[in-house]
Amino acid sequence: MGDDRGIWTGPGGLRVAAVRLTGAHRIWAERAGVRGASAFLVTRNGMIVGRGYYPSVEELAEVVDLADLRAG
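Now for a quick tour of the structure. (Residues numbered from 1 in each chain as written. Predicted model: local features only at pLDDT ≥ 70, side-chain atom pairs only at ≥ 80, totals over all residues. Heavy atoms only, no water.)

**Remarks on the pattern of salt bridges**
Here comes step 1: This model, assessed by the stated rule, comprises two salt bridges.
Here comes step 2: Notably, a salt bridge pairs Arg-26 with Glu-30, separated by 3.8 Å at the nearest N-O pair. Note that Arg-26 and Glu-30 are positioned in helix 1 (residues 23-31) at a spacing of four residues, about one turn of the helix.
Here comes step 3: Between Arg-51 and Glu-59 there is a salt bridge, and its shortest N-O distance comes to 2.3 Å.
Here comes step 4: Judged by its relative accessible area of 34%, Arg-51 is partly exposed.
Here comes step 5: Looking at Glu-59, the relative accessible area reads 29%, which means it is partly exposed. (Salt bridge = Lys/Arg side-chain N within 4 Å of Asp/Glu carboxyl O. Helix = DSSP H or I, 4+ residues; strand = E, 2+ residues; numbered from the N terminus. Buried < 20%, exposed > 50% of the residue type's maximum accessible area, 1.4 Å probe, protein only.)

**Regarding the pairing of strand 2 (residues 14-20)**
As a general feature of sheets, a regular strand has side chains that alternate between the two faces.
Here comes step 1: For strand 2, the tally of buried residues reaches five of seven residues, placing the bulk of the element in the interior.
Here comes step 2: Here strand 1 (residues 7-9) pairs with strand 2 via three bridges, running antiparallel. Bridging across to strand 2, Thr-9 finds its partner in Arg-15.
Here comes step 3: Where strand 2 lies against strand 3 (residues 38-44), seven bridges are found, and the strand directions are antiparallel. Its bridge partner lying in strand 3, Ala-18 is registered against Phe-40. (Pairing = 2+ DSSP bridges.)

Take a look at the structure:
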């Protein structure tokens, strides 16, 4: 899950994308309290899950069961 840019999918329309925090992503991530060069964006059927942006795999694992994710 440490790829700079990757996309993983899970059950029920769950999608996790590794994104660079530039442009609009930076603005939304900062509103969620996330700073840095990149983060994981979590959506379900196009809607943000939780605060949306997570700076680390550890914080991501608090809201997503990583075992359910598949590349793609």
